[in-house]
Amino acid sequence: MRFSGKTVVVTGAAAGIGAQSARLFAREGAIVIASDIDTEGGERLVRESEGDIRFRQCDVRDVEAIRSLMDFAASETGGIDTLLNNAGAGGARAPIDEIEPADWDSTMDLLLRSVAMGIRYAVPHMIGRPSTRTGGASIVNVSSVAAVGPGYSPTAYAVAKAGVLHVTKLAAADLARHSIRVNAVQPGFINTDIFTSSLDISGEAKEIAKGVLAQMSSNAQPVKRGGQPADIAEAMAYLASEAAGFVNGTSLLVDGGITIGPRDSWDEDAPKMFDALLAMAEAAEKQVSDAKP
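Residues numbered from 1 in each chain as written. Predicted model: local features only at pLDDT ≥ 70, side-chain atom pairs only at ≥ 80, totals over all residues. Heavy atoms only, no water.

## Describing the nonpolar core
The nonpolar side chains of a soluble globular protein tend to be buried with one another. Defined as follows: Here the nonpolar core consists of buried residues drawn from Ala, Val, Leu, Ile, Met, Phe, Trp, Tyr and Cys, with membership extended through side-chain atoms lying within 4.5 Å. Here's how the labels work: a residue is buried when its accessible area is under 20% of the maximum for its type, exposed when over 50%, partly exposed in between, all with a 1.4 Å probe on protein chains only. Under the DSSP-based scheme used, a helix requires at least four consecutive residues in state H or I and a strand at least two consecutive residues in state E, with every element numbered from the N terminus. Contacts are assigned to residue pairs with any non-hydrogen atoms lying within 4.5 Å of each other.
The biggest cluster of nonpolar side chains holds 38 residues, and the ones touching the most others in it are Val9, Met70, Met126, Ile139, Leu175 and Ile180. Those elements that place two or more of their residues in this core are strand E2 (31-36), helix H3 (63-77), helix H4 (101-122) and helix H5 (155-175). Broken down by element, this core gets its largest block of residues, eight residues, from H5. In this view, valine 9 contacts Ile33, Leu69, Met70, Ala73, Ile80, Thr82, Leu83 and Leu84; residues no more than four positions away in its chain are not counted. The next biggest cluster of nonpolar side chains, apart from the first, holds 28 residues, and it includes Leu84, Val140, Val142 and Ala235.

Written out as structure tokens, the structure is:
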């Protein structure tokens, strides 16, 4: 098993990508310290999963809670081998010309500061872990396709996720002296509750919205199915494993190809930009020709 005897900390582990990752690492032999603000979901994860998963409540917006989580993980097993900085939500949805400062700060605390502070307080417990051919411990941060440009998410979320990519590179440089690798994964359109959890609507309406989103996601990218939490969990497991021992300071897009290019570049039914320009040129030429005596 890839992670036999390793200690893995997963934030945002009560559902979605985090829960799937916790289950995968536990099945692969890790002792998983799963954390989330959702205590009920975390305890359900422990009950329903195979392997050694231990839950610890943690709100990653609280720096002291992050410190306590990392200290707890180390006290349980003697140290930390892998940190998966996964916790997050959609954050503030207002555009840049309407967003309130407090909402901006809250989104950054949840999605960006939590990653930086997760690294900050995990690293003291990662230094000197038993060496493998990868050199030591590893960190995997969850960014997003939203980090590459507009159109994938609200502005504050996108800015925070772009920050996660930069923190990943800088941390990889800072922590090289400790033989700790740091990488990121960039999920595309993944079928989780992140899109509906922050909506101020009834539970029944959220279920309907989730169904619509799941249907839409199968046609959102060249791969003709919606992304699943398992797709991201497998990517994180690769980046944390010895197979990725020469991978450091980079990010892995797991998006079904949604960032390949404009829709007309991969969807045969979408109007082609070049075809439209050609039609315009032909129409203009015909107009000139028709105007001649």
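Having seen the model, we can carry on.
## Considerations on the sheet that holds strand E7 (residues 251-254)
In plain terms, the rule: For two strands to be treated as a pair, DSSP must find at least two bridges joining them. Here an axis means a line fitted to C-alpha atoms, over the contact stretch when the element is a helix, while the angle between two N-to-C directions is reported on a 0 to 180 degree scale.
One open sheet accounts for seven strands, arranged E3-E2-E1-E4-E5-E6-E7; its pairing is parallel. Sheet topology places strand E3 (52-57) and E7 at the edges, where each strand pairs with a single neighbour. When strand polarity is set aside, the average angle formed by the axes of neighbouring strands in this sheet is 20 degrees. In terms of strand pairing, E2 meets E3 through six bridges, oriented parallel. Opposite valine 32, over in E3, you have isoleucine 53 as the bridge partner. Running at roughly 160 degrees to E2, H3 makes contact with strand E1 (7-10), E2, E3 and strand E4 (82-85) of the sheet. Strands in contact with H4 are E4 and strand E5 (138-142); relative to E4, the strand with the most contacts, it is inclined by about 165 degrees.

## So, unusual backbone geometry
For serine 179, which is not glycine, the phi torsion reads 60 degrees and is therefore positive. Following the sequence through the fold, serine 179 ends up in the loop between H5 and strand E6 (181-187).

## As for the packing of aromatic side chains
Our working definition: Pairing of aromatic rings covers Phe, Tyr and Trp, the last through its six-membered ring, and needs centres within 6.5 Å; plane angles under 30 degrees mean stacked, over 60 mean edge-to-face, and all others mean tilted.
With the rule as written, the count across this model stands at one aromatic pair. Here phenylalanine 3 and phenylalanine 25 contribute two aromatic rings whose centre-to-centre distance is 4.5 Å and whose plane-to-plane angle is 35 degrees, an arrangement assigned as tilted. In this pair, phenylalanine 3 is assigned in the segment before E1 and phenylalanine 25 in helix H1 (residues 16-27), connecting sequence segments 22 residues apart. Overall, the relative accessible area of 3% leaves phenylalanine 3 in the buried class.

## A short note on the environment of methionine 117
Tracing the sequence through the fold places methionine 117 in helix H4. Between the alpha carbons of methionine 117 and aspartate 62 there is a distance of 9.6 Å; along the sequence they are 55 residues apart. The residues touching methionine 117, leaving out its near neighbours within four places in the chain, are Val63 and Ile66.

## As for the packing of H1 against helix H7 (residues 229-240)
Threshold: An angle below 35 degrees is read as roughly parallel, one above 145 as roughly antiparallel, one from 65 to 115 as roughly perpendicular, and any other as oblique. Left-handed is the label given to a crossing in which the near helix is rotated counterclockwise from the far helix by less than a right angle, and right-handed is the label when the rotation is clockwise. Residues are grouped as follows: Ala, Val, Leu, Ile, Met, Phe, Trp, Tyr, Cys and Pro are nonpolar; Asp, Glu, Lys and Arg are charged; every other residue, Gly included, is polar.
Orientation of H1 relative to H7, taken along the N-to-C sense of each, is 50 degrees, at an axis distance of 8 Å. Of the possible angle classes, the one that applies to H1 and H7 is oblique. As for how H1 packs across H7, the hand of that crossing is right-handed. Residues Gly16, Ile17, Gln20, Ser21, Leu24 and Phe25 of H1 form the contact with H7, whose participating residues are Pro229, Ala230, Ile232, Ala233, Glu234, Met236, Ala237 and Ala240. In terms of residue class, the contact of H1 with H7 is made up of ten nonpolar, three polar and one charged.

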